[in-house]
Amino acid sequence: MSKLAYVREKEIPQSAPPITEVGIIKWLRENLFSSWLNSILTVLSLYFIFILLKDFIPWAYGAHWTTGSIRECYDVNPDVACFSVLTARWKQLLFGFYPPEEYWRPTLTFFLLILSIIPILFTRFVRFFWFSLLYPGLAIWLLWGGSIWSVAIIYFGLGLGFLSFLIMDSRLIRSASISLLAACLITVLFFMFLASFSAEMLSSLIPIYLPYVESLKFGGFTLSLIVGVTGIVASFPLGIVLALGRQSDLPLVKMICVGFIEFIRGVPLITLLFVASVLLNYFLPPGSNFDIVLRVIIMVTLFSAAYMAEVIRGGLAGLPVGQHEASAALGLTYWQSQRLIIMPQALKISIPGIVNTFIGLFKDTTLVSIISLMDPVGLASLIRADTKWNGIYWELYIAVGLMFFIFCFGMSQYSQYLERKLKTDN
Amino acid sequence: MSSVDFPVEKFRFGMLLSDTRYRSTSLQVITFIFFVAGVFWLVDNTVKNLALLDKDVSFSFLWMRAGYDINQRLIPYTNDSTHATAALVGILNTLLVAFVGCILATIIGVFVGILRLSKNWIIAKLMSVYIEGFRNVPLLLWIVMVFALLTEFTPQPRAFKGENPDASMIIFESIAVTNRGTYLPNPQWGAGSIWLILVFLVSLLGIIIFRRYAKNIQKNTGRNLPVLWVSLGIFFVPTILFYFILGSPVTLEYPYLKGFNFKDGVHIRNSFIALTLALAFYTSAFIGEIVRSGIMAISKGQTEAAAALGMRPNKIMSLIILPQALRVIVPPMISQYLNLTKNSSLAIAVGYMDVRGTLGGITLNQTGREMESMVLLMGFYLTVSLLISSIINYFNRSFQLVGK
């Protein structure tokens, strides 16, 4: 019998995969050189990165940090960065014209800010939420100074109103709307008649105060953070109210909300800031003249509240109508269903939009430099006007841009974390 | 049968808030009272303040002599013109920046958005860096940075002088980039150029007709005509042919150095270039994200189904993916245009005279008419934004998926 077929009896030992299919070469082939076009693009972008870095790295690496002026920088080596301007002026970039001996106050406020937002950002620490509530008053006192009692009395008055509402609602009247009215009345009466008197009395009895610092001294990142953080905190609830108002069945409420939102969204922020700086005095009682920083905060808040309202409205519209109907069928009242069913879901959908609005607001704080408040961008021009540093561009702009980038990029990363955490569908 | 009388509840005052029959009306009445009181308070304060300052509200200042110069303008204007003309110059300048900026931003943004989806790792990462960089740094900073780049790192006009100049004009000695702005060749419309324009318009019409014809053929027979090449042919060939037949009616007037500055040619100021470029880069980062998410929103099944039908990748993109993605992309893109228009009010940072710089800046300061100027300024921006949002609404209505 001749052999008809060849049958292999032993398994061939496994050979290694071809060199082009493993490790870094495979990755390079798939990701960088998968086709002719891709290879060309890769080479082009590598070349582009090369030209950028070729000039930038020596420029930044050999930089001067300790010279006294831009002249000295140029005398030593004109081709490298002159970061000495940051060494000389970093305190001004951070604090503006805040009195140097009081620098600890904004610094402390900033660290307390981090502490106070931890309970809000991470649910694990929610038991420290009382500190977040306490923080705004503390921050106002630390930044502006004055007697601690004027802030404490405000907190006392608000607490009094809240407590009286709770007691009346559960024990005495049992009608939420009427007890709310009564509680508001009590609070207003307290502030009208008792507040200033008791604040003065307490201040004279137990004097705890910090030197007063006026708003025009604020500047640098302190100012950006004050305007940005206050705007963010205040515009969020206002935005929710406006969004609900826009969805309301009451035609008049709806009309006012739509008018407000569309008006604010239709004009640039800078015109609103000009209104704050030149026109607002026309609209207030004659002789009243209130703080420019506060005016700016109010305008920035109103501005981003309108955008926030639109974002939240998008979230509300994204909810299936069955959610409204189901909560109504369970017998929940309007506010109960908003609080327990609708808002948590609507807010979850709109997280990316909300955080984008926050980032936009924080970036928009730079516009205050146009109405001559000294935010980092304004300070950069101011420092460049100094003869010692005249001619500096990139060093300052890079520093300011980097600070903003860190904050904004951090916020957008947090929003992505939050989206992943709250994701419930598969 | 006895009828049951429902107990008729007597009206109590508390029912205004607790009874759903009355609540909405009473809430609205309360809102109305507060609203009217608020408006009255504001108006009353304003009237009192104006009386204190001995001012009135009048728009007659618009027809007074402006008395200031505007260096970049699209319509004739001298400092003897009225404030109204100055405002109009500003409005046109704003619209010019917005128009050029939107076109640039769209082109860059679409590129960036598509390239960010590229399978090429390094390209995708570069585009992410571009987008995150521009989105997370304030626009105002970008505007001053681009302006600094243009004014500090470009040669002075006198650097072009001499036998061996330090700088030279680019693209066939036709464009001069200097720290005082960029000088472009100025087209001179000679006799017969009207015919050239006419030919060009007719060939544009020809392209539209041809595309319609090709689409019909494709619908009826499935045969594809080479639309792109024929369109390009119609676009270029007749116009170029007639250009030579008519004996070159349009000539270019090149900028040239005279003394310490360039003469002739079109002078585009650095303030305009910096503002437009910064706005376009900044907005393109947002548009890129919109384009990317729009393309990603189209489910993969669409691509696969089209591939199963035997379509080629570029046909899948142009016939299946893009028409669906555009529905998602266009509305937020238009609202980015609106943002760009509003952001152009940052022109003041580089000294470009837009409407905020003329009407809301110098005119306001010279005449002291804060109230009137701000009202007009806000009115202008509101008009633009309402126009744009009505375009969005129109688009949404006409391209909505018809639900069942």
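Residues numbered from 1 in each chain as written. Chains lettered and ligands numbered in written order. Predicted model: local features only at pLDDT ≥ 70, side-chain atom pairs only at ≥ 80, totals over all residues. Heavy atoms only, no water.

*Asks:* Please clarify how the overall build of chain B should be interpreted in this entry.
*Replies:* For chain B, the count of helices and strands is 13 helices and seven strands. Whereas a compact globule of 404 residues would reach a radius of gyration of roughly 22 Å, chain B reaches 30 Å, over 25% beyond that. Along the first, second and third principal axes, the C-alpha set of chain B runs to 110 × 75 × 45 Å. Counting only residues that meet the buried cut, chain B has 40% of its 404 residues in that class. Intrachain contacts of chain B at a sequence separation of at least 6 include 65% that bridge at least 24 residues. A total of about 23,600 Å² of accessible surface is found on chain B, and carbon and sulfur atoms cover 67% of it. Distance between charge centroids for chain B: 14 Å, based on 33 positive and 20 negative side chains. (Helix = DSSP H or I, 4+ residues; strand = E, 2+ residues; numbered from the N terminus. Rg over C-alpha atoms; globule rule 2.2 N^0.38 Å. Buried < 20%, exposed > 50% of the residue type's maximum accessible area, 1.4 Å probe, protein only. Contact = heavy atoms within 4.5 Å. Areas by Shrake-Rupley, 256 points an atom, 1.4 Å probe, with all protein chains shown as cover. Lys, Arg positive; Asp, Glu negative; His and termini not counted. Charge placed at Lys NZ, Arg CZ, Asp CG, Glu CD.)

*Asks:* Looking at this structure, I do not really get the interface of chain B and chain A. What am I missing?
*Replies:* By a widely used convention, the size of an interface equals the accessible area lost when the partners come together. The interface of chain B with chain A comprises 54 residues on the first partner and 52 residues on the second. Roughly 4,800 Å² of surface becomes buried between chain B and chain A when both sides are summed, with 75% attributable to carbon and sulfur atoms. For the chain B face of the interface with chain A, the top three residues by lost area are Gln28, Asn136 and Met378 of chain B, together amounting to 12%. Applying the counting criterion to the chain B and chain A interface returns zero salt bridges. Seen at the junction of chain B and chain A, the total is 15 residue pairs in polar contact (both at pLDDT 80 or more). Mapped by element, the contributors of at least two residues to the side of chain B that touches chain A are helix H2 (20-53), helix H4 (121-135), helix H5 (139-152), helix H9 (270-297), helix H11 (313-343) and helix H13 (370-399) of chain B. Counting residues per element, the side of chain B that touches chain A draws most heavily on H2 of chain B, which supplies 15 residues. Here the side of chain B that touches chain A is composed, by residue class, of 32 nonpolar, 13 polar and nine charged. (Buried area = accessible area lost by both parts, 1.4 Å probe. Salt bridge = Lys/Arg side-chain N within 4 Å of Asp/Glu carboxyl O. Polar contact = N/O pair within 3.5 Å; in protein donor to acceptor, adjacent residues only side chain to side chain. Nonpolar A, V, L, I, M, F, W, Y, C, P; charged D, E, K, R; others polar.)

*Asks:* I'm lost on the pattern of salt bridges in this one. Help?
*Replies:* Two side chains with opposite charge may pair up if their charged atoms get near one another. If you walk through the whole model with that rule in mind, you get 12 salt bridges over all chains. Of the charged contacts in the structure, one is a salt bridge between Glu102 of chain A and Arg105 of chain A, with a shortest N-O distance of 2.9 Å. Judged by its relative accessible area of 0%, Arg105 of chain A is buried. The salt bridge involving Arg135 of chain B is made with Glu132 of chain B; its shortest N-O contact spans 3.8 Å. Here the residue Arg135 of chain B and the residue Glu132 of chain B both occupy positions in helix H4, the gap between them amounting to three residues, near one helical turn. Across the pair, Glu132 of chain B and Arg135 of chain B agree in class, each one buried.

*Asks:* Looking at this structure, how should I read the sheet that holds strand E1 (residues 176-178) of chain B?
*Replies:* Across a sheet, strands are paired by hydrogen bonds formed along the backbone, either parallel or antiparallel in direction. All names here are of chain B. In spatial order, the strands read E1-E2-E7; together these three strands make up an open sheet with antiparallel pairing. The open sheet terminates on both sides in strands that have one partner only, identified here as E1 and strand E7 (266-268). The sheet shows a mean angle of 15° between the axes of neighbouring strands, taken without regard to direction. Sheet topology places E1 next to strand E2 (residues 181-184); three bridges connect them, and they run antiparallel. Bridge pairing in E2 places Thr178 opposite Gly181. Where H9 meets the sheet, its contacts fall on E1, E2 and E7, and the angle it forms with E7 comes to roughly 55°. (Pairing = 2+ DSSP bridges. Axes fitted to C-alpha atoms, helices over the stretch in contact; angles between N-to-C directions.)

*Asks:* Could you clarify how one ought to interpret the pairing of E2 of chain B in this entry?
*Replies:* Residues in a regular strand point their side chains to alternate faces of the sheet. All names here are of chain B. As consecutive antiparallel partners, E1 and E2 are separated by two residues. In terms of strand pairing, E2 meets E7 through three bridges, oriented antiparallel. Along E7, the bridge assignment pairs Thr182 with Ile268.

*Asks:* What am I meant to see in the packing of aromatic side chains here?
*Replies:* Any aromatic ring pair is given by two values, namely how distant the centres are and how the planes are angled relative to each other. Within this structure, the stated rule accounts for 33 aromatic pairs over all chains. Measuring from centroid to centroid gives 5.4 Å for Phe362 of chain A and Phe407 of chain A, while their planes differ by 50°, and the two rings are tilted. Taken as a pair, Phe362 of chain A in helix H15 (residues 351-364) and Phe407 of chain A in helix H17 (residues 394-422) lie far apart in primary sequence, 45 residues in all. On the basis of relative accessibility, which here comes to 3%, the residue Phe362 of chain A falls in the buried class. Overall, the relative accessible area of 27% leaves Phe407 of chain A in the partly exposed class. Ring centres 5.3 Å apart and planes at 80° place the aromatic pair Tyr243 of chain B and Phe244 of chain B in the edge-to-face group. Its relative accessible area of 27% is what places Tyr243 of chain B among the partly exposed residues. Here the aromatic residues Phe56, Trp59, Trp65 and Phe83 of chain A are joined through ring pairs into a cluster of three or more. Seen from the ring of Tyr307 of chain A, Arg265 of chain A lies directly overhead, with NZ or CZ sitting 5.7 Å from the centre. (Phe/Tyr/Trp six-rings, centres within 6.5 Å; stacked < 30°, edge-to-face > 60°. Lys NZ or Arg CZ within 6 Å of the ring centre and 35° of its normal.)

*Asks:* Looking at this model, I keep getting lost on the side chain of Ser304 of chain A. Mind explaining?
*Replies:* Within the secondary structure, Ser304 of chain A is located in helix H12 (residues 292-318). Excluding residues that lie within four positions of it along the chain, Ser304 of chain A makes contacts with Gly231, Ser235, Thr357 and Leu361 of chain A.

*Asks:* How should the domain arrangement of chain A be read in this particular structure?
*Replies:* Segmentation of chain A into domains returns domain 1 (55-98 + 218-426) and domain 2 (146-210). Centre-to-centre, using C-alpha coordinates, domain 1 of chain A lies 31 Å away from domain 2 of chain A. (Domains from an automatic or database assignment.)

*Asks:* How do you make sense of the packing of H9 of chain B against H11 of chain B when you look at a structure like this?
*Replies:* In helix packing, the relevant descriptors are the interaxial angle and the interaxial distance, both defined with respect to the helix axes. Residues and elements named next belong to chain B. Contact geometry of H9 with H11 gives a least axis separation of 8 Å together with a crossing angle of 150°. With respect to H11, the axis of H9 lies roughly antiparallel. The handedness of the crossing between H9 and H11 is right-handed. The segment H9 lies against H11, with Leu279, Tyr282, Thr283, Phe286, Ile287, Ile290, Val291, Gly294 and Ile295 engaging Met317, Ile321, Ala325, Val328, Ile329, Pro332, Met333, Gln336, Tyr337, Leu340 and Asn343. Grouping the constituent residues of the contact of H9 with H11 by class yields 16 nonpolar, four polar and no charged. (Parallel < 35°, antiparallel > 145°, perpendicular 65-115°, else oblique. Left-handed = near helix turned anticlockwise from the far one by under 90°.)

*Asks:* Looking at this model, I keep getting lost on the environment of Trp141 of chain A. Mind explaining?
*Replies:* Residues and elements named next belong to chain A. Here Trp141 lies in helix H6 (residues 129-144). Setting aside chain neighbours within four positions, we find Trp141 in contact with Arg105, Gly146, Ser147, Ile148, Val151, Ile208, Tyr209 and Leu210. Within the local environment of Trp141, its side chain forms a polar contact with the backbone oxygen of Gly146, the two atoms lying 3.0 Å apart.

*Asks:* Mind showing me how you'd approach helix H16 (residues 376-385) of chain A here?
*Replies:* Note on helix geometry: an α-helix contains 3.6 residues per turn, so any two residues three or four positions apart are oriented the same way. Within H16 of chain A, seven of the 10 residues are buried, leaving the element largely enclosed by the surrounding structure. Buried within H16 of chain A we find Pro376, Val377, Gly378, Leu379, Ala380, Ile383 and Arg384 of chain A. Packed against the buried residues of H16 of chain A are helix H4 (84-95), helix H9 (220-247) and H17 of chain A together with H5 of chain B.

*Asks:* Just checking my understanding: could you explain the packing of H9 of chain A against H17 of chain A for this structure?
*Replies:* All names here are of chain A. Running from amino to carboxyl end, H9 crosses H17 at an angle of 30°, the nearest separation of the two axes being 12 Å. On the basis of the axis angle, H9 is roughly parallel to H17. H17 is crossed by H9, and the crossing has right-handed handedness. In this structure, H9 uses Phe221, Ser224 and Leu225 to contact H17, whose residues at the interface are Val400, Met403, Phe404 and Phe407. Of the residues contributing to the contact of H9 with H17, the split by class is six nonpolar, one polar and no charged.

*Asks:* It is not clear to me how the state of the cysteines should be interpreted in this structure. Could you clarify?
*Replies:* Note: disulfide means a covalent bond formed between the sulfur atoms of two cysteine side chains. All names here are of chain A. Tallying each qualifying case throughout the model produces one disulfide over all chains. For Cys73, the disulfide goes to Cys82, at an S-S distance of 2.0 Å. Here the disulfide of Cys73 and Cys82 is right-handed, its torsion about the S-S bond being about 70°. In this structure, Cys73 and Cys82 share a single accessibility class: buried. Free of any disulfide, Cys184 has its nearest neighbouring cysteine sulfur in Cys257, separated by 18 Å. In this structure Cys184 comes out as partly exposed when scored by relative accessible area, which is 42%. (Disulfide = S-S within 2.5 Å.)

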